[in-house]
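Single-letter residue listing:
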Amino acid sequence: MVDVLSLDPLVVGVILAMTVVTVVAKVGGTWLVRHVEVSERLQAGLDVLPGAIVIAVLGPELAAGGPAEWGAAALVLAVMWRTESIILALVTGVIAVVSLRTLL
């Protein structure tokens, strides 16, 4: 029987390395933005970046999805259009896709 609490040192090392890379990327990005003049064009690009990331992550899932995913996407669009709340739209989408997958 395998002891559940024992960890492989390689796994721990990889997790620590990923932690260091993440912290360096975040701190380095913050430092860089403070020391570089941000033009209007760059600021506009940075402003749309979160939406582009969401589309890049969810787009392939939606393209490969069925009725549950498409129905949830329609609900997300409706909630976003009516409330303009990203958080409410995302919560609606998660609840809708789970519910529709259960029903369909």
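Above this text is the structure in question.
Given the structure is predicted, the values throughout are model-derived calculations rather than measurements. (Residues numbered from 1 in each chain as written. Predicted model: local features only at pLDDT ≥ 70, side-chain atom pairs only at ≥ 80, totals over all residues. Heavy atoms only, no water.)

Enquirer: Break down helix H2 (residues 40-64) for me, citing the residues and quoting the values.
Expert: Its 25 residues place the ends of H2 37 Å apart at the C-alpha level, agreeing with the 36 Å of an ideal helix rising 1.5 Å per residue. The largest bend in H2 amounts to roughly 40 degrees and is located at Leu49, with the proline Pro50 lying one to four residues further along. (Helix = DSSP H or I, 4+ residues; strand = E, 2+ residues; numbered from the N terminus. Expected span 1.5 Å × (residues − 1). Bend = angle between axes of the 7 residues up to and from the residue.)

Enquirer: So what about the packing of helix H3 (residues 67-83) against helix H4 (residues 86-103)? Which residues, and what values?
Expert: Closest axis-to-axis distance for the H3/H4 pair is 8 Å, and the angle between their directions is 155 degrees. Classified by the interaxial angle, the pair formed by H3 and H4 is roughly antiparallel. The handedness of the crossing between H3 and H4 is right-handed. Residue-level inspection shows Ala68, Glu69, Gly71, Ala72, Leu75, Val76, Val79, Met80 and Thr83 of H3 in contact with H4, the latter providing Ile86, Leu88, Ala89, Thr92, Gly93, Ala96, Val97, Leu100 and Arg101. Residues that form the contact of H3 with H4 fall into these classes: 12 nonpolar, four polar and two charged. (Axes fitted to C-alpha atoms, helices over the stretch in contact; angles between N-to-C directions. Parallel < 35°, antiparallel > 145°, perpendicular 65-115°, else oblique. Left-handed = near helix turned anticlockwise from the far one by under 90°. Contact = heavy atoms within 4.5 Å. Nonpolar A, V, L, I, M, F, W, Y, C, P; charged D, E, K, R; others polar.)

Enquirer: So what's going on with a nonpolar patch on the surface? Which residues, and what values?
Expert: Side chains of Val33, Val38, Leu42, Leu46, Leu49, Ile53, Val54, Val57 and Leu58 sit close together on the surface and give an oily, nonpolar patch of about 730 Å² of accessible area. The element contributing the most residues to the nonpolar patch is H2, with seven residues. With respect to the element layout, Val57 can be found in helix H2. Owing to a relative accessible area of 55%, Val57 belongs among the exposed residues under this scheme. (Patch = residues over 30% accessible without salt bridge, like charges linked within 9 Å, V, L, I, M, F, W, Y side chains within 5 Å. Areas by Shrake-Rupley, 256 points an atom, 1.4 Å probe, with all protein chains shown as cover. Salt bridge = Lys/Arg side-chain N within 4 Å of Asp/Glu carboxyl O. Buried < 20%, exposed > 50% of the residue type's maximum accessible area, 1.4 Å probe, protein only.)

Bear in mind that shape data such as this cannot, by itself, settle questions of function.
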